[in-house]
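Observations on the three-dimensional arrangement
This is what each chain is made of:
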Amino acid sequence: MIRFLLITTFIFFIGTVNSIDIEGIVRDSETGELLIGANVFLKNDKSIGTTSGLDGSFVLKNAKAGNATLVCSFISYQTLQKEISVPSNGVQKIALNLVSFENELNDVVVIASNKTTDVGVRALERLSSNVLNIVGARAIEISPDLTVANVLGRVSGVTLERNSSGEAEYAVLRGMDKRYNITLVNGVKISSPNNKQRFVPLNIFPSELLDRLEVSKTRSADMEGDATGGAVNMVMKDAPSRLTVRANVATGYSSLFFDREFSSLHNAKLIKTAPYEQFGNTYVATMSDFGNAMNAPLNIQPLPNVIAGFSLGNRVLGNKLGFIVAANYQNNNKGTNSIFFEDEMVQTESTLRVTSIKERIYSENQLQYGIHAKLDYIFSKKHKLEWYNFLVANNNKQVRQSNSTNFKLFYEPEKGNLDLAYQTRMRTTNQQIFASTLQGDHKFGEKLNLNWTAIYSKAGLQRPDQAFVNLDNLQQNFVNDMVIDGDGSDRRWEHNSDEDRSFIANAMYNLALDKTNIKLQAGGLFRNKNRENHYVNYKLKPIDTNQSFETIDQINWTVYTPKGSVGPLTYSATEMMGAGYVQGRFERKKAELILGLRTEYINQGYKMFYPNAGESPNGGQQYYDLLPNLQLKYSPREKTNWRASYYKSINRPGYFEIVPYQIQEEEYTEYGNKNLKRSEIDNLDLRWEYFPKPLDQILIGAFFKNINDPIEFAYFSVNQRQSGYGLQNLGNAKNLGLEIDLIKYIRIFGIKANYTFTHSEITTPKVYYAKDEQGNTKTLTKDQTRPLVGQAAHVGNISLLFKDVNHGWDAQLSASYTGDKIIIASRYYNSDYWEKGAVQMDASIEKTFKKGWSIFAKAYNLLNTPKIEFLKSYNTYNNKFEFQSAESGETLIRKEYYKQSFLIGVRYKL
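Moving on, we come to the overall build of the protein chain. When its secondary structure is counted, the protein chain shows 6 helices and 52 strands. Here the protein chain has a C-alpha radius of gyration of 31 Å; the compact-globule value for 910 residues is 29 Å, and the two agree. If one aligns the C-alpha atoms of the protein chain with their principal axes, the spans along those axes are about 100 × 80 × 65 Å. Taking all 910 residues of the protein chain together, the buried fraction comes to 53%.

Tallied over the full model, the rule gives 16 aromatic pairs. Arranged with centres 6.1 Å apart and planes meeting at 40 degrees, the rings of phenylalanine 290 and tryptophan 493 form a pair that is tilted. Pair noted here: phenylalanine 290 is in the loop between helix H5 (275–279) and strand E19 (298–300) and tryptophan 493 is in strand E27 (residues 488–513), with a separation of 203 residues, a long-range link. Per residue, the accessibility class of phenylalanine 290 equals that of tryptophan 493, and both read buried. Relative to tyrosine 828, the ring of tyrosine 769 has its centre 6.3 Å away and its plane inclined at 40 degrees; by these criteria the two rings are tilted. On the criterion of sequence distance, the pair formed by tyrosine 769 in strand E42 (residues 749–771) and tyrosine 828 in the loop between strand E46 (821–824) and strand E47 (833–835) is long-range, its members being 59 residues apart.

Moving on, we get to a positive patch on the surface. A contiguous patch of positive charge, built from Lys515, Arg588, Lys589, Lys590 and Arg637, is present on the exposed surface. Relative to the helices and strands, arginine 637 is located in strand E33 (residues 618–637). Residue arginine 637 is classed as exposed on the basis of its relative accessible area of 56%.

Throughout the structure, instances matching the rule amount to 52 salt bridges. In this structure, arginine 246 engages glutamate 141 in a salt bridge whose closest nitrogen and oxygen atoms are separated by 4.0 Å. Of the two residues, arginine 246 sits in strand E17 (residues 244–254) while glutamate 141 sits in helix H3 (residues 137–142), which places them 105 residues apart along the sequence. Each of Arg138, Glu141, Arg246, Lys803, Asp810, Glu846, Arg907 and Lys909 takes part in salt bridges that share partners, so that together they form one network.

This part takes up the sheet that holds strand E3 (residues 45–51). Overall, antiparallel pairing links the 4 strands, which are arranged E3-E2-E5-E6 in an open sheet. One side of each edge strand has no neighbouring strand; the edge strands of this open sheet are E3 and strand E6 (80–86). The average undirected angle you get between the axes of adjacent strands in this sheet is 25 degrees.

Moving on to the environment of aspartate 222. Mapped onto the fold, aspartate 222 is located in the loop between strand E15 (210–216) and strand E16 (230–236). Take aspartate 222: its relative accessible area is 38%, and that puts it in the partly exposed class. Sequence separation of aspartate 222 and proline 304 is 82 residues, and the distance between their C-alpha atoms is 46 Å. If near-sequence neighbours (up to four positions away) are discounted, aspartate 222 is found in contact with Gln521, Tyr581, Gln583 and Arg598.

Here we come to empty space enclosed by the protein. Applying the stated criterion to the full structure yields 8 cavities of 30 Å³ or more. Put simply, the largest cavity is a space of about 950 Å³. Surrounding the largest cavity, 50 residues form its lining, Asn150, Arg162, Gly166, Glu167 and Gln840 being those nearest its centre. For the lining of the largest cavity, the secondary-structure elements that each account for two or more residues are strand E11 (158–162), strand E20 (305–316), strand E21 (321–346), strand E44 (794–804), strand E45 (809–818), strand E48 (838–848) and strand E52 (901–909). When its residues are assigned to classes, the lining of the largest cavity shows 15 nonpolar, 23 polar and 12 charged.

Moving on to the confidence of the model for the protein chain. With 91% of its residues at a pLDDT of 70 or more, the protein chain shows a mean pLDDT of 85. Under a pLDDT of 50 for its full length, residues 4–17 has, in the predicted model, 1 contact with residues more than four places off or in other chains. Every residue in residues 407–418 is under pLDDT 50, and counting partners more than four places away or in other chains gives 17 contacts.

A separate point is the environment of threonine 516. Positionally, threonine 516 belongs in strand E28 (residues 516–542). Exposure remark for threonine 516: the relative accessible area of 14% places this residue in the buried category. Setting aside chain neighbours within four positions, we find threonine 516 in contact with Leu511, Phe586, Glu587 and Arg588. Among the polar contacts listed, one links the side chain of threonine 516 to the side chain of arginine 588, at a separation of 3.0 Å.

Here we come to the sheet that holds strand E10 (residues 132–136). The 5 strands are arranged E10-E15-E16-E13-E14 in an open sheet whose pairing can be described as mixed. The open sheet has two edge strands, E10 and strand E14 (188–189), and neither has a second partner. Two strands pair when backbone bridges link them, and E15 and E16 are joined in this way by 6 bridges, in the antiparallel orientation. Paired with leucine 213 across the two strands is methionine 234, which belongs to E16.

As a further point, take unusual backbone geometry. A positive phi angle, close to 65 degrees, is found at asparagine 62, a residue other than glycine. Turning to its location among the elements, asparagine 62 is positioned in strand E4 (residues 57–64). Here the phi dihedral of aspartate 514 falls at roughly 55 degrees; this positive angle occurs in a residue that is not glycine. You can see aspartate 514 is positioned in the loop between E27 and E28.

So, about the pairing of E44. Pairing analysis gives 9 bridges linking E42 to E44, with the strands arranged antiparallel. Looking at the pairing, alanine 753 lines up with isoleucine 798 of E44. Where E44 lies against E45, 10 bridges are found, and the strand directions are antiparallel. Within E45, the residue paired with asparagine 797 across the bridge is serine 816. Taken together, E44 and the strand that follows it, E45, pair antiparallel across an intervening segment of 4 residues, in which glycine 808 is found at a positive phi of about 75 degrees.

The rules behind the values
Residues numbered from 1 in each chain as written. Predicted model: local features only at pLDDT ≥ 70, side-chain atom pairs only at ≥ 80, totals over all residues. Heavy atoms only, no water. Helix = DSSP H or I, 4+ residues; strand = E, 2+ residues; numbered from the N terminus. Rg over C-alpha atoms; globule rule 2.2 N^0.38 Å. Buried < 20%, exposed > 50% of the residue type's maximum accessible area, 1.4 Å probe, protein only. Phe/Tyr/Trp six-rings, centres within 6.5 Å; stacked < 30°, edge-to-face > 60°. Patch = residues over 30% accessible without salt bridge, like charges linked within 9 Å, V, L, I, M, F, W, Y side chains within 5 Å. Areas by Shrake-Rupley, 256 points an atom, 1.4 Å probe, with all protein chains shown as cover. Salt bridge = Lys/Arg side-chain N within 4 Å of Asp/Glu carboxyl O. Lys, Arg positive; Asp, Glu negative; His and termini not counted. Charge placed at Lys NZ, Arg CZ, Asp CG, Glu CD. Pairing = 2+ DSSP bridges. Axes fitted to C-alpha atoms, helices over the stretch in contact; angles between N-to-C directions. Contact = heavy atoms within 4.5 Å. 1 Å grid on protein atoms, 1.4 Å probe; cavity = no way out; pocket = protein on both sides within 12 Å on 5 of 7 lines; lining within 4 Å. Points joined across faces, edges and corners; volume = space filled by probe spheres on them. Nonpolar A, V, L, I, M, F, W, Y, C, P; charged D, E, K, R; others polar. pLDDT = per-residue confidence, 0-100. Polar contact = N/O pair within 3.5 Å; in protein donor to acceptor, adjacent residues only side chain to side chain.

See below:
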């Protein structure tokens, strides 16, 4: 027995001595980029093979000592064969540098781009002159996110503003509201479909159309001056270096509809054009113009969601002409279950209290599509033309059904009836953005470069035949029908267009002076913008308030305002902008200095077709700004950067915001402010960057913003008789913060994490009530300091990654946290409306097979995280209502649930 053990041990030892591990790393020979998924094997024994991991490394186990040929292959790279000598003991370490294919015709050179990979975007961040965060196409593809808004939520310092279906719609960057950020497509500003403001809804853009998403957190002189929080640049798919075909299709479902039905609109019965616009302003409308009825929604079980995408690209004509066409289609059914409380100020106690509770049920069908097409023609190494076009659209059909009760529900059940109100809102919202851009890039000699861009952009929004059914003071008998004693219904039409024509030109001159590389830049921008907005509303009332009915289409209506009501939302606006800049970039050894100055002139005007009494129908603003910038970058080592920057920026009022309008919204009166001024902001940034490996990074940054005349949505007094909500300049504010961004990969595992702390302060006068010595209630004011609207003190993201290239697995578990933030600044002391901090968790997984096929699954809102709005005060009167609790010290205003959604699909790549 002992002899057997000795022999076995000896054989094992001999085998171990002659079994060697070969370790190595695979890189791009020119850029040093780590290559993930490269095939590595021994030529004389293909059973010993593997693929490079997330950090570009590989391990070949059980190789035999002696001479061997190591083979490495990767798409778009020349196959490498390297003769190696495997030692008889220890670990052999090998570096494999692959050379990319270059397709040459005369003086035309096309090289495959790596700016969409994780390593490529890390290199862009490291080499950029601005403070950048970038998400590449592959990271977007394997993430749980389907729209640009959700992708943006993974970036440090970003919080998301969600709509009534729970979908991310707008981004708040570094605590700065969406109005302080700009949206670009391929570096160019685009039109907005919003009927009042400038900002662009980011959920309208399918993430699949992007090559990468760039967030620039500092501004240089060649960027427009209103990027205070940051500039979100969507770089669309580019023409590939070879034939590329990609397609995917997926289906899914929202678990919300496991428990309830979906309310759908009658599409065929939708009246697209208002009688006012069809027949003129003297036309007297009758119920026949409205289909003789108020259409009731249909309660159905929704069909599964459908997602599909396709792209085709290549280079032809000897690689001179490149093209790509990409399309995406999404048809999703979403829903929300919500409770909402109305409130009022109690002067004797100087606190807000709840007056009624509403249960709201949302059903929304969202049909979204996007098309992107690009052509580029390379005349030579020095001259190139690019023409790209895109169209994105988002068509939403939403039904909101709600019932409300006041406190009598809890105190007077013995009367045999309840004071109830039922509301149904049926709304179709169609949004589109189209842009066509022609760009030229020209080099003259080795020093002079000229580029230019001509842009046409048009956006629109249409809300045809919106229906608002308000049945107040309903009495429910002990039978199954209802008796009306109500206010009636509205039928409303709205549509707007926003059209831009712009031209941009830039010149760059390079020279070397005393070991200093200098790049001098100058350029200009001209933009002409035209906006049209139309609005008409008809009031309908029941013919007989004692009708019995079961559904609203059984009610007999009459047109109470047969000529319709038009108002300040019917207007036109224009804006002419001229800008110019000069900038110098100076590079010497390890340091880079950028000095720049930008000037912008704005001439903004409006025309009201139906002004309020006493208001002039025409108005506008003109102003001129000088916007300096200074940036310093120091790289003591290749993998380390220190950055410091200063820049000045502005925030302009929107086109409609300076119109002196008055609009009665569902829950408040909104006013325009013709005296609204632009905000002026001084910005300081510091950041330390360390890139230990091409895929890894550690970023630590700090920022400070001093905001003069910030624009915020708040309660204010318009005159001695009127008050309501609107936009105001609220003194001065300060905003400072700290950002930490970490990415680390170890073989098949990775982690991405970021955290942002933001602190902002603004001091404004607030109203409160107190009794004098005689016991009379007096209205007083005192200053209160609070954060900026939309700013959360704590924001964090973490993603755990798994990538097993050998077996074709990709998996990601992502969580994001956003802390408490103010959503509406109240006029009353200690009465601002807040949104509760929350954690949202999502996941995705993909399995890749041979010949380009893969299957994938995505899951959203795994924790069923609700959206909660509240007041940081409590009135004991609220105890009369369900869901209110004195123990928390907070008043619940709104609570919405969306539940989980799931998606599974198949993808093909050629």
